Amino acid sequence: MQTVTLRPGDSAPDFTLPCNGGTSVTLSALRPAKVVLFFYPKDNTPGCTLEAQGFSAALAAFEAAGTKLIGISRDSVASHDKFCAKHDLRLMLGSDAEGLVSEAYGTWAEKKLYGRAFMGMVRSTFLIDADGKIAQIWSPVKVKGHVEAVLAATEAL
């Protein structure tokens with residue numbers, strides 16, 4: 001599996017994506033806030049739902065640390081809207097339908113399941129500092145305990 005090629009200290013690739021709720025987000029416009037980008041494979045799947053619920057539950061703590069949260073998958077905006085409504089998520093979810101942001105961050109890569117290779121989203125999280133530089137990367141991510149680890153790193157930044 002190809003891994004993320006970005007490193008801490010690199011400039012975070014800028015992007016503009018449509019989001020749930022009829023909004024859009026441009027990464028560079030969020031400065032000087034810190035930003036957590038979490039890339040996840042698919043709306044309404046067990047691991048992705050747990051991760052999104054965890055980030056949503058911790059939203060106030062991230063905001064208190066001066067940090068914006070953005071979830072990114074290749075799902076459509078309509079899928080994101082349904083996902084948020086179904087699970088009462090209070091997150092900004094960007095639709096990377098064309099995969100350009102996922103490719104820029106190195107999260108769209110070859111994966112293997114039962115010996116079969118396919119392209120898919122590698123669950124990854126990026127902590128971006130107030131200057132738009134990558135401060136920390138988690139990839140691949142295990143969901144259990146992840147939100148707490150990211151929040152601790154964000155508060156320490």
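Everything discussed here concerns the structure shown above.
Remember, predicted model here, so these are calculated numbers, not experimental data.

Engineer: Please give an account of the overall build of the chain that cites residues and values.
Structural biologist: Helices and strands together make up the secondary structure of the chain, namely 5 helices and 9 strands. In sequence order, the secondary structure elements of the chain are arranged as β-β-β-α-α-β-α-β-α-β-β-β-β-α. Rg of the C-alpha trace for the chain: 14 Å, near the compact-globule value of 15 Å for 157 residues, within the 12% margin. With respect to the principal axes defined by its C-alpha atoms, the chain has extents near 40 × 35 × 30 Å.

Engineer: Account for the pairing of strand E6 (residues 108-113), with residues named and values stated.
Structural biologist: Note: E6 against strand E7 (residues 116-121), 6 bridges, orientation antiparallel. Bridged to Lys111 within E7 is Phe118. The loop that links E6 with its antiparallel partner E7 comprises 2 residues; one of these, Tyr114, has a positive phi angle of about 55 degrees.

Engineer: Tell me what's going on with unusual backbone geometry, and back it up with residues and numbers.
Structural biologist: Arg31 connects to Pro32 through a cis peptide bond whose omega is 15 degrees. A cis amide bond, omega -10 degrees, links Ser139 with the succeeding residue Pro140. Within the chain, Asn44 stands out as a residue other than glycine whose phi angle is a positive 65 degrees. Along the chain, Asn44 turns up in the loop between strand E3 (34-39) and helix H1 (46-57). Note on Asn44: relative accessible area 36%, which makes it partly exposed. For Asp88, which is not glycine, the phi dihedral falls at a positive 50 degrees. Within the secondary structure, Asp88 is located in the loop between helix H3 (77-87) and strand E5 (92-95). Relative accessible area serves as the criterion here: at 62%, Asp88 is assigned to the exposed category.

Engineer: Got a sec to walk through the nonpolar core? Specific residues and values, please.
Structural biologist: By size, the foremost hydrophobic cluster in this structure holds 22 residues, and its most contacted members are Val36, Phe55, Phe62, Leu69, Leu91 and Leu93. Broken down by secondary-structure element, the contributors of at least two residues to this core are E3, H1, helix H2 (59-64), H3 and helix H5 (146-156). Looking at which element gives the most residues to this core, the answer is H5, with 4 residues. Discounting residues that sit within four places of it in the chain, Phe62 has contacts with Val36, Phe55, Thr67, Leu69, Val147, Val150, Leu151 and Thr154.

Engineer: Please provide a residue-by-residue account of the pairing of strand E4 (residues 67-73), values included.
Structural biologist: Counting buried residues along E4, 6 of its 7 residues qualify, which places the element largely inside the surrounding structure. In this structure, E3 lies alongside E4, joined through 6 bridges in parallel fashion. Bridge pairing links Val36 to Leu69 in E4. One ladder, built from 4 bridges, connects E4 with E5; its direction is parallel. Paired with Ser73 across the strands is Ser95, a residue of E5. Of the crossover connections in this fold, the one passing from E4 over H3 to the parallel E5 is right-handed.

Engineer: Quick one: what's the story with the packing of aromatic side chains, residue by residue and with numbers?
Structural biologist: Applying the stated criterion across every chain, the model contains 8 aromatic pairs. Three or more aromatic residues joined by ring pairs make a cluster, and in this case those are Phe38, Tyr40, Phe55, Phe62 and Phe83. The residue whose ring lies beneath Arg74 is Trp108, and the NZ or CZ to ring-centre distance is 4.1 Å.

Conventions adopted
- Residues numbered from 1 in each chain as written.
- Predicted model: local features only at pLDDT ≥ 70, side-chain atom pairs only at ≥ 80, totals over all residues.
- Heavy atoms only, no water.
- Helix = DSSP H or I, 4+ residues; strand = E, 2+ residues; numbered from the N terminus.
- Rg over C-alpha atoms; globule rule 2.2 N^0.38 Å.
- Pairing = 2+ DSSP bridges.
- Buried < 20%, exposed > 50% of the residue type's maximum accessible area, 1.4 Å probe, protein only.
- Core = buried A, V, L, I, M, F, W, Y, C linked by side-chain atoms within 4.5 Å.
- Contact = heavy atoms within 4.5 Å.
- Right-handed = clockwise from strand over helix to strand, strands pointing away.
- Phe/Tyr/Trp six-rings, centres within 6.5 Å; stacked < 30°, edge-to-face > 60°.
- Lys NZ or Arg CZ within 6 Å of the ring centre and 35° of its normal.

Interpretation in functional terms is not warranted from these geometric data alone.
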